[in-house]
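# Structural characterization, general
Residue strings, one per chain:
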Amino acid sequence: MGGSYGLREEMMDQLWGLSYLDASGYPRIEQGYYKRVKGQLVLVKQGGYTVLYPDNRLHWISYIADEYGFRTKDYIF
């Protein structure tokens, strides 16, 4: 079931998340959940954060990490 992590089956359907402002006052968000893929538990995490690039433009970086790897998208404000 959860291997050495002790994950109980009832935790499978629970979504967790957090959001806060970083030290620069920009938002960061993240949420995650477990899902079963081919009999294995996979932690899916997605979220985003804001970065001020050297050209003084704000970029929103969104990401997802799942059974397909880690992927990002960059949006300019």
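This report concerns the structure included in the present document. (Residues numbered from 1 in each chain as written. Predicted model: local features only at pLDDT ≥ 70, side-chain atom pairs only at ≥ 80, totals over all residues. Heavy atoms only, no water.)

As a further point, take the overall build of the chain. Counting secondary structure elements, the chain contains zero helices and five strands. Listing the helices and strands of the chain from first to last along the sequence gives β-β-β-β-β. Split into buried and exposed, the 77 residues of the chain put 21% on the buried side. Residue pairs in contact within the chain that sit at least 24 positions apart in sequence constitute 17% of those at least 6 positions apart. Here the chain has roughly 5,800 Å² of accessible surface; of this, 55% comes from carbon and sulfur atoms. (Helix = DSSP H or I, 4+ residues; strand = E, 2+ residues; numbered from the N terminus. Buried < 20%, exposed > 50% of the residue type's maximum accessible area, 1.4 Å probe, protein only. Contact = heavy atoms within 4.5 Å. Areas by Shrake-Rupley, 256 points an atom, 1.4 Å probe, with all protein chains shown as cover.)

Turning to the sheet that holds strand β1 (residues 16-21), a few remarks are in order. Across the sheet, five strands lie side by side as β1-β2-β3-β4-β5; this open sheet has antiparallel pairing. On the outer flanks of this sheet lie β1 and β5 (69-76), each paired with one strand and no other. On average, each strand axis in the sheet is tilted by 15 degrees relative to the strand beside it, whichever way the strands run. Taken together, the six bridges between β1 and strand β2 (residues 27-37) define a ladder with antiparallel strand orientation. Pairing of Tyr20 across the sheet is with Arg28, part of β2. (Pairing = 2+ DSSP bridges. Axes fitted to C-alpha atoms, helices over the stretch in contact; angles between N-to-C directions.)

On the surface, a cluster of nonpolar side chains totalling about 350 Å² of accessible area is made up of Trp16, Leu18, Tyr20 and Leu43. A per-element tally of the nonpolar patch places β1 first, with three residues. Within the secondary structure, Tyr20 sits in strand β1. Residue classification places Tyr20 among the partly exposed positions, given a relative accessible area of 43%. (Patch = residues over 30% accessible without salt bridge, like charges linked within 9 Å, V, L, I, M, F, W, Y side chains within 5 Å. Salt bridge = Lys/Arg side-chain N within 4 Å of Asp/Glu carboxyl O.)

What follows covers the pairing of strand β4 (residues 58-66). Where strand β3 (residues 40-52) meets β4, eight bridges bridge the pair, whose relative direction is antiparallel. Following the sheet pairing, Gly47 is matched in β4 by Tyr63. Connecting β3 to the next strand, β4, in antiparallel fashion are five residues, including Asn56 with a positive phi near 65 degrees. With eight bridges joining them, β4 and β5 adopt antiparallel strand pairing. In the sheet register, Tyr63 faces β5, and the bridge partner there is Thr72. Hairpin connection, β4 to β5: the antiparallel pair is bridged by two residues.

No statement about biological role is implied by the geometric values presented.
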